[in-house]
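Given next are the chains, with one letter for each unit.
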Amino acid sequence: MARRPPLRPAPGLVLMLVLVLAGPLVPAAAAAPVVDGSAVRAAASTARPTVRLAVSSTRPRAGERLWLAVRVGGVTRAATREVVVEQRRGTRWSRVTRSRTSSSGRLTAHVVVDRQDAFRVRVLGADGRTVRSAQRAVVVSRGARTLEARAAALGTTRLGRPLDKIRTLTPAQRRATRVTGLLKVRSREYAKGVLVEVTRRTSTRTTVRTWFVSGATGRWYADARAAKGRWGVPIADGRCGLLERGCVHRFSRGTAYVSPSSGAVASTTVTGDRGAMIAAARSQVGYVRRAPDPSRQTTKFNTWMGSRAAWCSFFQSWASQASGNGAAVPKIDRFRTFRSTTLRTLPSGTTPKVGALAFRHTTGPAGEATHVALVSEISGGRVRLVDGNTVGPLPAGHRGVLERWFPRSAVLYYVYPSY
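A short tour of the structure in this document, coming up. (Residues numbered from 1 in each chain as written. Predicted model: local features only at pLDDT ≥ 70, side-chain atom pairs only at ≥ 80, totals over all residues. Heavy atoms only, no water.)

Counting secondary structure elements, the protein contains 9 helices and 22 strands. A total of 419 residues make up the protein; the buried ones form 44% of that total. Taking all contacts inside the protein whose residues are at least 6 apart in sequence as the whole, residues at least 24 apart take part in 54%. Working note: accessible area of the protein is about 22100 Å², and carbon and sulfur atoms make up 53% of it. (Helix = DSSP H or I, 4+ residues; strand = E, 2+ residues; numbered from the N terminus. Buried < 20%, exposed > 50% of the residue type's maximum accessible area, 1.4 Å probe, protein only. Contact = heavy atoms within 4.5 Å. Areas by Shrake-Rupley, 256 points an atom, 1.4 Å probe, with all protein chains shown as cover.)

What follows is the structure in structure tokens.
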């Protein structure tokens, strides 16, 4: 029987079979790209950010607080950005606050307005170029602002729920506030603060204004019986968003300061800018750090100043900034330069005054001023001083912030900042 020859498929059939098994051919240019995650992140980090600014009101009354809502976009979600909020007065822009956004690019700042202003935000992009938001104009309006109207304007988001009924001061309680021309005071406590409506008569008109005492200071004020208590009535909204997110609240009979870093409210019966300075300085009493080498120190005041040198003058400069007094006490990173500069540029003398800088001799050649403190009280032949980088009744090798009484003879001379 003859053998059959093996079957051999035609060449075209072989090519067709290969195409069927392999699937359609994909050109190289159409292939899906390989994504490099690090490259995407790098591109996002170098992208120029976008900046938006919104204000809580465009027509506030003078002395009322504005909430400034900042949103930075165009960056990776985990990134935070340092932003600067600026305020324009006339033709000049000045910094209101410098802070960092959350990881979602958000930040809320606060400012108390007293006249027509404009605000903007600037942020530095990764390419070194500054990006600014659009300006937001704010016009200070006139007219009465009752407690009910202010509560409606703030809303429950900022006030929380009411905790009691509206209370009205008696004539005797109004006199105790030490405010002239006071016709009526009403107040109400909320979960997030206290609203106080103040009706006053001046030589030209009658005004009705309502002030917001918020946060920890609001709780402290409520515990002190609010407008019925020893601090009297507020004279404006609290100024918040200061150094370390601190807040200053001014009352007819004193001043209070609180920083979220401590949570405690420091107060003084001194009013005005001097009172703010003293309250901010008092808020640090009890701050203590180990300092085995006094010439190389690592306190938060050293970090703020950018120097590890002796920090008694750093503390006074910090209190000036933290209280909203800016450079009333100059920021200088060497005590000797601080001493000579304040003597040259500010009034000085030998009479103690509350809010003055007291220069003392603590070490070195006799009669040389080697330390500076803040006068918080005066009584007879004594002065009460708040000072930093001091030893006193502290553990060995430690330095901190203390407030103590000294005889007047312990002070060589005083410098009087222009608060």
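Moving on: the environment of R175. Among the secondary structure elements, R175 is positioned in helix α4 (residues 171–176). The spacing of R175 and G232 is 57 residues in sequence and 9.5 Å in space, taken between C-alpha atoms.

Counted by the stated rule, this structure contains 11 aromatic pairs. Pairing F301 with F315 gives two aromatic rings, centres 5.4 Å apart and planes at 85 degrees, and the pair type is edge-to-face. Here F315 lies in helix α8 (residues 312–322) and F301 lies in helix α7 (residues 300–305), a separation of 14 residues in the sequence. Note on F301: relative accessible area 0%, which makes it buried. Judged by centre distance (5.1 Å) and plane angle (15 degrees), the ring pair of F359 and Y413 falls under stacked. With F359 in strand β18 (residues 357–360) and Y413 in strand β22 (residues 413–415), this pair connects stretches of sequence that are 54 residues apart. Classification of F359 as buried rests on a relative accessible area of 0%. Among the aromatic residues, those joined into a cluster by ring pairs are Y287, F301, W311, F315 and W318. The lysine or arginine in question, R158, covers the ring of W67, its NZ or CZ lying 4.6 Å from the ring centre. Stacked on the ring of F406, the Lys or Arg R360 has its end atom at 4.3 Å from the ring centre. (Phe/Tyr/Trp six-rings, centres within 6.5 Å; stacked < 30°, edge-to-face > 60°. Lys NZ or Arg CZ within 6 Å of the ring centre and 35° of its normal.)

What follows concerns helix α6 (residues 272–282). Counting buried positions along α6 yields 8 of 11 residues, so the element is predominantly enclosed. By the burial criterion, the buried members of α6 are G275, A276, M277, I278, A279, A280, A281 and R282.

Turning next to the nonpolar core. Counting 37 residues, the largest nonpolar core has F301, L357 and F359 as its most contacted members. Among the elements of the structure, α6, α7, α8, α9 (335–345), β18, β19 (371–379) and β22 are those that each provide at least two residues to this core. In this structure, V194, V196, V213 and A256 belong to the second largest nonpolar core, which totals 19 residues. (Core = buried A, V, L, I, M, F, W, Y, C linked by side-chain atoms within 4.5 Å.)

Inspection of every chain in the model, using the stated rule, returns 20 salt bridges. Among the ionic pairs, R98 bridges to E82, the shortest N-O distance being 3.2 Å. In this pair, R98 is assigned in strand β4 (residues 92–100) and E82 in strand β3 (residues 82–89), connecting sequence segments 16 residues apart. E197 is the partner of R186 in a salt bridge, and the nearest nitrogen-oxygen pair spans 2.7 Å. (Salt bridge = Lys/Arg side-chain N within 4 Å of Asp/Glu carboxyl O.)

Let us look at the pairing of strand β6 (residues 117–124). Regular strands place side chains that alternate from one sheet face to the opposite one. In terms of burial, β6 is a largely internal element, 6 of the 8 residues being buried. Here 6 bridges tie β3 to β6, and the two strands are oriented antiparallel to one another. Directly across from V84, in β6, lies its bridge partner R122. Taken together, the 3 bridges between β6 and strand β8 (residues 136–138) define a ladder with antiparallel strand orientation. The residue bridging D117 from the neighbouring strand is V138, located in β8. Pairing between β6 and strand β7 (residues 130–132): 3 bridges, direction antiparallel. Residue pairing across strands places R122 opposite R132, the latter belonging to β7. The antiparallel pairing of β6 with β7 creates a hairpin that spans 5 residues between the two strands, and G128 there sits at a positive phi of about 85 degrees. (Pairing = 2+ DSSP bridges.)

The subject of this paragraph is the pairing of strand β20 (residues 382–390). The buried fraction of β20 amounts to 7 of the 9 residues, a majority that puts the element mostly inside the structure. Counting the residues between successive antiparallel strands, the hairpin from β19 to β20 contains 2 residues, one of them, G380, with a positive phi of roughly 60 degrees. Of the pairings in the sheet, the one linking β20 to strand β21 (residues 398–407) comprises 7 bridges and is antiparallel in character. By the bridge assignment for β21, D387 is matched with L402.

So, on to the sheet that holds strand β1 (residues 50–55). An order of β1-β2-β5 is seen for the 3 strands of this open sheet, with the pairing classed as antiparallel. Where the open sheet ends on each side, the last strands, each with one partner, are β1 and β5 (106–112). Sheet twist, expressed as the mean angle between neighbouring strand axes with direction ignored, is 20 degrees. Pairing of β1 with strand β2 (residues 65–73), which is carried by 6 bridges, proceeds in the antiparallel orientation. Across the sheet, residue A54 finds its bridge partner in β2, namely A69. (Axes fitted to C-alpha atoms, helices over the stretch in contact; angles between N-to-C directions.)

Another aspect to go through is the state of the cysteines. Under the counting rule described, the total for this entry stands at 1 disulfide. Two residues, C240 and C247, share a disulfide whose sulfurs are 2.1 Å apart. Residues C240 and C247 share a disulfide whose torsion about the S-S bond is about 120 degrees; that sign makes it right-handed. For C240, a relative accessible area of 6% gives the class buried. (Disulfide = S-S within 2.5 Å.)

Right, let's talk about the packing of α6 against α8 for a bit. At a minimum axis distance of 8 Å, the contact between α6 and α8 shows a crossing angle of 120 degrees. Judged by the inter-axis angle, α6 sits oblique to α8. Seen along the crossing, α6 lies across α8 with a hand that is right-handed. Of the residues in α8, those touching α6 at M277, A280 and A281 are F315, Q316, W318, A319, S320 and A322. Of the residues that constitute the contact of α6 with α8, the class distribution is 7 nonpolar, 2 polar and no charged. (Parallel < 35°, antiparallel > 145°, perpendicular 65-115°, else oblique. Left-handed = near helix turned anticlockwise from the far one by under 90°. Nonpolar A, V, L, I, M, F, W, Y, C, P; charged D, E, K, R; others polar.)

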